[in-house]
Amino acid sequence: MVEHSTLHKVVVIGGGYAGTVAANHLRMRTDVDITLVNSRPKFVERIRLHQFVAGNYDASVDYGTLLGDGITLVVDDATRIDTASHTVELASGRALDYDHVIYAVGSTGAVPSSVPGAAEFTYSVAEFEFAQRLRARLVELPAHAAVTVVGGGLTGIETAAELAEQGRMVTLVCGGTLAPSLSAPARRSVATWLSEHGVTVLEANAVAEVRQDAVVLTDGPVRQSALTIWTAGFGVPGLAAASGLRVDALGRLLTDETLISVDDDRIVAAGDAASPSGRPLRMSCQAAVPLGVQAANTVLSRIAGTAPAVIDQAFKGSCISLGRRAGTMQLAREDDTPLDSYFDGQKAAELKKELCRRVVTGIAMEARSLGAVVWPKGGPRAAQMVASP
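Because the structure is a prediction, the values reported are computed rather than measured.

Asks: In this structure, what is going on with the pattern of salt bridges? I would like to understand it.
Replies: Two side chains carrying opposite charge are able to pair once their charged atoms lie near each other. Evaluated as defined, the whole model comprises 17 salt bridges. Of the charged contacts in the structure, one is a salt bridge between K352 and E158, with a shortest N-O distance of 2.4 Å. With a gap of 194 residues between them, K352 in helix α9 (residues 346-368) and E158 in helix α5 (residues 154-165) connect regions that are remote in the sequence. Measuring nitrogen to oxygen at the nearest pair gives 2.8 Å for the salt bridge that ties R381 to E257. With R381 in the loop between α9 and α10 (382-387) and E257 in the loop between β20 (253-255) and β21 (267-269), the pair connects residues that are 124 residues apart, well separated along the chain.

Below, the structure written as structure tokens:
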């Protein structure tokens, strides 16, 4: 740990996987005044919200167990970054002065306005408050009632599987390919589990309209649905755009390969809301935690007056839980493209549980032992991007 006298004010916006570990890692220097702004008083394990919805996991962790000494937690919403005055404006009316900002606002679910009834009648698992509402609805819903999950990605699959394991009558509407990020063999493994557990998978179908008690598919049929859960698509908060900073098509903050905003070198991004070179990494805690550490390192380099390093991390794959007793582990190349290799069953379920546990314990370890978080690396992305189509 390096000791200095002049305090440098760093405001971390967002207390998810990236922001929390970034705040902890900034303590590598003793002259950094660290404020973490988050809308909730507790850390949320978003990757386990499907379990929370099913009633078998809490999915929230006290920040007192995760944050290192000296970090100030402000429970509030950031509404604007004033780059001229170097302040972060909050919903409460407060304004926080900063020398540097780590922009780690994360992601959220996106319900398209183009689908009639979707915003009005669907439920979501993308945020803790949405998941609370869904969990309460499931408690009052008869066990035999038809449930529709819209979205064939990993979130939709895990949600459908969790409910099917509890005996719910679940239909999964994919709107294209089931689990498109997986290899064909791993996709077949997931499809087999869903079929064996009574999930009706409508792979090519999409939802054209949502009603209070039904969904209308694009090819015409109306299917009864006492509860419709929307998991198709993600978005990001609009804070960057509202602050006059350039963003990509989804709204992620545009940065260079050191995670510094292309508009303001005092603002560094991490996690789901970062778009380095317009080529963002997959939204996942697998990317968010390393990006959080690397964003903190960029800020520390800026304070020290040294050149920040470009991001360097590699993927290993993705692990999908299928209820509590099974899963599918898809192995991947460093650039996150899937291999044909995978394994499934109880072994994959145990690995998924352990990986989820390690993410949270890793953040806590960074609070106690600086530099504790390590991750696989694949070298700078410049060569990869040149080679990519």
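Asks: What is the right way to look at the nonpolar core in this model?
Replies: Here is a general trend for soluble globular proteins: nonpolar side chains tend to be buried in one another's company. Residues V12, Y17, L26, F43 and I102 are the most contacted members of the largest nonpolar core, which totals 43 residues. Those elements that place two or more of their residues in this core are β1 (8-13), α1 (17-25), β2 (32-38), α8 (285-304) and α9. Here the element with the most residues in this core is α8; it accounts for 11 residues. Look past the residues within four positions of L26 in its chain and what remains in contact with it is V10, V12, V32, I34, I102, A296, V299 and L300. Core analysis: the second largest hydrophobic core is formed by 36 residues, V53, A161, V170 and V190 among them.

Asks: What's the story with empty space enclosed by the protein in this structure? I'm lost.
Replies: One pass over the full model with this rule turns up two cavities of 30 Å³ or more. The calculated volume of the largest cavity comes to roughly 60 Å³. Around the largest cavity sit I47, R48, H50, Q51, S321, R324, A349, K352, K353 and C356, which together line it. Those elements giving two or more residues to the lining of the largest cavity turn out to be α2 (49-54) and α9. With four residues, the top contributor of residues to the lining of the largest cavity is α9. Estimated volume of the second largest cavity: approximately 40 Å³. In terms of lining residues, the second largest cavity is bounded by R252, G271, D272, A274, P280, L281, R282, M283, A287 and L291.

Asks: I tried to follow the environment of F315 on my own but got confused; where do I start?
Replies: Relative to the helices and strands, F315 is located in the loop between α8 and β23 (317-322). Given the relative accessible area of 6%, F315 is considered buried. Along the sequence, F315 and G378 sit 63 residues apart, while their C-alpha atoms lie 8.4 Å from each other. Aside from chain neighbours lying at most four places away, what touches F315 is L281, R282, S284, Q286, A287, A332, R333, E334 and D336.

Conventions we followed
- Residues numbered from 1 in each chain as written.
- Predicted model: local features only at pLDDT ≥ 70, side-chain atom pairs only at ≥ 80, totals over all residues.
- Heavy atoms only, no water.
- Salt bridge = Lys/Arg side-chain N within 4 Å of Asp/Glu carboxyl O.
- Helix = DSSP H or I, 4+ residues; strand = E, 2+ residues; numbered from the N terminus.
- Core = buried A, V, L, I, M, F, W, Y, C linked by side-chain atoms within 4.5 Å.
- Buried < 20%, exposed > 50% of the residue type's maximum accessible area, 1.4 Å probe, protein only.
- Contact = heavy atoms within 4.5 Å.
- 1 Å grid on protein atoms, 1.4 Å probe; cavity = no way out; pocket = protein on both sides within 12 Å on 5 of 7 lines; lining within 4 Å.
- Points joined across faces, edges and corners; volume = space filled by probe spheres on them.

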